[in-house]
Amino acid sequence: MTDPSEVGIVFWVLSTVILVSAVMVVSLRNIFHCAIFLILTLTGVAGIFVTLNAEFLAAAQVLIYVGAVATLMVFGIMLTSDIASRRIEMTNQKAGVAVLACMVFALGVLFLIKITTKAGAGVWQTATEPLPADNVLTIGKQLMTEFVLPFEVVSVLLLAAMIGAIVLARREAS
Amino acid sequence: MTEFAYLIPLLQLLSFVMIIFFLRWKEKVSSGLAVTMSVAAWVMSVWVLIETICKYIGAHGAHVEPFEITYYLTVFPKINLEIGILVDALTAMMLLVVSTIGACVQIYSLGYMRGDKYFSRFFAYLSLFLFSMFGLVLANNFFMIFIFWELVGLTSYLLIGFYFEKKSASDAGKKAFITNRIGDLGFIIGLLLIGTYAGTFNYREVFDAVSGGVFPPEVLVVAAIGLFCGAIGKSAQFPLHVWLPDAMEGPTPVSALIHAATMVVAGVYLVARGMDIFVGSADAAFVVAAIGLITSFMAATIALTQNDIKRVLAYSTVSQLGYMIMALGLYGYDTANGIHSPGYYAGTFHLMTHAFFKGLLFLAAGSVIHAVHTNDIREMGGLLKKMPKTGWTFLVASASISGVPLTAGFFSKDEIVAAAAHHPVFYFFTLLIAFMTAFYMWRLCFMTFFGKPRDAEKFDHAHESPATMTGPLVFLGVLAVIGGWVGIPGMTGFSEFVFHGEPYHTHVDWVNILIASSVGLGGIYLAWLMYLKKAISADKIAQTFRPLYLMSLNKWWFDELYDIVFIRPILTLGRFLWTFDARVIDGLVNGVAWFTLFWAEMKQLFDTYVIDGAVNGSGWLVSNLGQALRYLQTGRVQFYTLFIVLMIIVLATFRMLPTGTWLLWTLTFLCAALLLGLIGRRTVTNTAHTESEKQA
Amino acid sequence: MQSYLMLAGVLFVVGIFGVITRRNTIGILMSLELMFNAANINLVTFNNFVTADGLSGQIFSIFIIVIAAAETTIGLAIVLLIYRNWKGIDSDCYGVMKW
């Protein structure tokens, strides 16, 4: 268990990477570049997971997001637009309002986090024992016992998504 | 067979249902079904009777447990309601009486009602009546007997008013029904008292409760008199006897079946059945006896002067019913005082013999009426030659009712006289009634069947009735003689079969027999002198005792009395109430109506200007607001997302603000929404422009 | 803990901003992924600092990752369909759900 107040240099580096690349993702004009930065962000988040004692999750993050989802995105980009030639406006007219709203929103969120995690606020009790050391084993056990129903449901959901994607993307016979 | 006794009523119900719903249009089939069912009931009743007799004779006077089937209804947990049948000696005897008369009347009706417009319906009603009557007799508790009691009342009403096109018939039906209701009120009171104190309606349990002292004495008296009130109504006793003579408006077979032999003895049966209750309260028993005597005497005096053949018989019936009731009442009174009396046996025995000869009398009278098409005996005479079978059976029945030795009535009447022997007043009047009975019955006989025909035309048209009608007459004529032989004094017979408490052992009392029969024969002799020999002028006697004659002729002015005492005041009250209605209530109602109208006018104005204004205004507001707000629906998902974010901010702000200012903030929010709507509109117009440019 | 939550919050807001402002539908999908990740960071953080009772938070994150994958698949399929019908995937192009 890590002391809540103590965050190492690793965290700062990682969070800088994440936030900078996230801003890049939403603001760059070239959608392909956005995808690259997205991969960077996701990898950073995986690093954050590692610092939070969630090694299995970090691995899954890398495998699924970086390996699969991001690749899928790139494929999608390549299928739908001409990356190299067209450099169109990537943000719309609402950018001004959106910036304003998001600033307010972010300030509100940060304020809330500040007051709720303040020492002695008592909103969240802090954990007293460390996480199970072997978290792959624990996750596996819990998935198969406690969370077996959601697990099955989610598998059905994946199947449905797969079939749905095929049905949607399939070219009409004509 | 006894265990299947419940089939006896159910067969009749089946017949009724079949006829009324399916066979009404097929006269032969429906009447045949009804007759078959009643004959089947007769056979079964005889069977049940024989079985019961064997059971009782085999017991040699020891206590015999009656046959009983009970099915409990658990609808009301607090009180034991049950449906069941009880077969003991009394029931078996009643079954025989009802089924015998029932079968005879049904066969007789085949001839009598031939060609009637409602032939099938008549038989359906007869079946329904038999169902109810059998049910009444077989019931094993007071609740059930009450249900069937009302059912026989209903069928009686239907059958009295059978010729409902005739006003007098439908009026008579109503009169019978309403008069019976008055008696039934008492019956219900008695029933409720019994149910309340005994907690059950079952005969045996109630009687156990009575002998166990569950009832306070005064309650028992009221309950007993209440039950007797029912009997008064149904058996046409003294204050409520007025309906029975009028009930003669019904078809004659109905009069024979219902208003002579079976339904009217239901009251007697009820008193006999509930004898434990009357024995438990000597006062109530004395009331019963007194009412019986008064009724009997009064009806006999009225019967002396009536000229309508059916009315004479009707008053005779009332008189004889009074006789039975009196005997039962005396039994209860004597037993309560520790004297062993033949009253119970006498009353029930007379019930049986009376059913035979009175049923016969009515059927024969019906045959006469059928032949001469009049009810008035002054227009008859000498009919014995024309219709010998009818005439002779009528004479036999008359002999029986008059107590001519060795006929059925002789034995039963003797016992009643014997039962009254301990009480001088009752004894005197009993003999007097016996004398009068003989007199008016033979007056009827002599005027109808003997002498010279007074109306030649009617006499010429008269003819003997068909075999379906004379057959039952002969059968009943035989019963009217030998039916009493089961109760010959000094021999084992009826008194060891139907009894209450201890069996009564009859003995030959020659003095009693001599007195009773000589009184009867004296009555016959006087009638012969006056109406056949004309030795004594009837008119002269009528002149001499004119007030008495008028009193008798006008039936003691009972109808007039009731008219003055009850009906007129009620009508006057009704008229007064009507006037009250017309003036006060109507005024009130009209005033209320006027006010309502005025108020409605006001409301209409209010509606037009205020409500409609509000409605239209809100409609206008909504449509205009919608017009403005619809610009928010840009169709762009991202715009919606933005809106969601703004919403979250706004809501979070609300949460942090003091609660009182929410209205202000809502307004601000709405303004912001409108603003956004305008922004969205501008955006869309821009896009539209770009798109059109693109296309161009 | 505070820092982790703040990181997640900021990441979430960036994601929202992206969703609102990106013209390219695939860009919107990417921004959605950012938001998912912010939520995941939150869950894992709480699992680490608040309730050490088992690994429920991480398991929930796994489910979220799975659902996100499914969502991406479907989303891209829809994008393909849109591209085929409108010859472009800019979100302004298919604003047909308006009044």
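Look up: the structure comes first, before these words.
The shown structure was predicted, so the numbers you read here are calculated from the model rather than taken from an experiment.

*Asks:* Let's hear about the interface of chain C and chain A: which residues, and what values?
*Replies:* Counting residues at the interface gives 70 residues for chain C and 83 residues for chain A. Both faces considered, chain C and chain A share a buried interface measuring about 7,000 Å² in area, 78% of it formed by carbon and sulfur atoms. When the buried surface of chain C facing chain A is broken down by residue, Y4, R22 and M30 of chain C rank first, second and third, together holding 10% of it. The tally of links from chain C across to chain A stands at 5 residue pairs in polar contact (both at pLDDT 80 or more). Elements represented by at least two residues in the side of chain C that touches chain A include exactly α1 (2-21), α2 (25-49) and α3 (56-86) of chain C.

*Asks:* Account for the environment of V645 of chain B, with residues named and values stated.
*Replies:* Relative to the helices and strands, V645 of chain B is located in helix α27 (residues 637-656). The residues contacting V645 of chain B, other than those within four sequence positions of it, are A101 and F105 of chain A together with I16 and I20 of chain C.

*Asks:* Tell me what's going on with the pattern of salt bridges, and back it up with residues and numbers.
*Replies:* Residues and elements named next belong to chain B. Applying the stated rule across the entire model yields 11 salt bridges over all chains. For D171, the salt bridge goes to K174, with nearest N and O atoms at 3.7 Å. Of this pair, D171 and K174 both sit in helix α6 (residues 167-198), separated by 3 residues, roughly a single helical turn. Exposure remark for D171: the relative accessible area of 32% places this residue in the partly exposed category. The exposure class of K174 is partly exposed, given its relative accessible area of 43%. Within this structure, E150, R181 and D184 form a network of salt bridges that share partners.

*Asks:* With reference to specific residues and values, describe the nonpolar core.
*Replies:* If you look at the biggest cluster of nonpolar residues, it comprises 205 residues, and the most contacted ones within it are F142, I277 and F278 of chain B. No other element matches the 19 residues that helix α15 (residues 343-372) of chain B contributes to this core. Once residues lying within four places of it in the same chain are set aside, the contact partners of F278 of chain B are A224, L227, F228, V271, A284, A285 and V288 of chain B. In this structure, L38, A46 and F105 of chain A together with M1 of chain C belong to the second largest nonpolar core, which totals 70 residues.

*Asks:* Let's hear about the packing of helix α10 (residues 252-261) of chain B against α15 of chain B: which residues, and what values?
*Replies:* Residues and elements named next belong to chain B. Taken N-terminus to C-terminus, the directions of α10 and α15 make an angle of 160°; their axes are 8 Å apart at the nearest point. In terms of orientation, α10 and α15 fall into the roughly antiparallel class. Along this stretch, α10 crosses α15, giving a crossing that reads as right-handed. Residues T252, P253, S255, A256, A260 and A261 of α10 form the contact with α15, whose own contacting residues are H354, A355, K358, G359, F362, L363, G366 and I369. Of the residues assigned to the contact of α10 with α15, the class counts are 8 nonpolar, 5 polar and 1 charged.

The rules behind each value
- Residues numbered from 1 in each chain as written.
- Chains lettered and ligands numbered in written order.
- Predicted model: local features only at pLDDT ≥ 70, side-chain atom pairs only at ≥ 80, totals over all residues.
- Heavy atoms only, no water.
- Contact = heavy atoms within 4.5 Å.
- Buried area = accessible area lost by both parts, 1.4 Å probe.
- Polar contact = N/O pair within 3.5 Å; in protein donor to acceptor, adjacent residues only side chain to side chain.
- Helix = DSSP H or I, 4+ residues; strand = E, 2+ residues; numbered from the N terminus.
- Salt bridge = Lys/Arg side-chain N within 4 Å of Asp/Glu carboxyl O.
- Buried < 20%, exposed > 50% of the residue type's maximum accessible area, 1.4 Å probe, protein only.
- Core = buried A, V, L, I, M, F, W, Y, C linked by side-chain atoms within 4.5 Å.
- Axes fitted to C-alpha atoms, helices over the stretch in contact; angles between N-to-C directions.
- Parallel < 35°, antiparallel > 145°, perpendicular 65-115°, else oblique.
- Left-handed = near helix turned anticlockwise from the far one by under 90°.
- Nonpolar A, V, L, I, M, F, W, Y, C, P; charged D, E, K, R; others polar.

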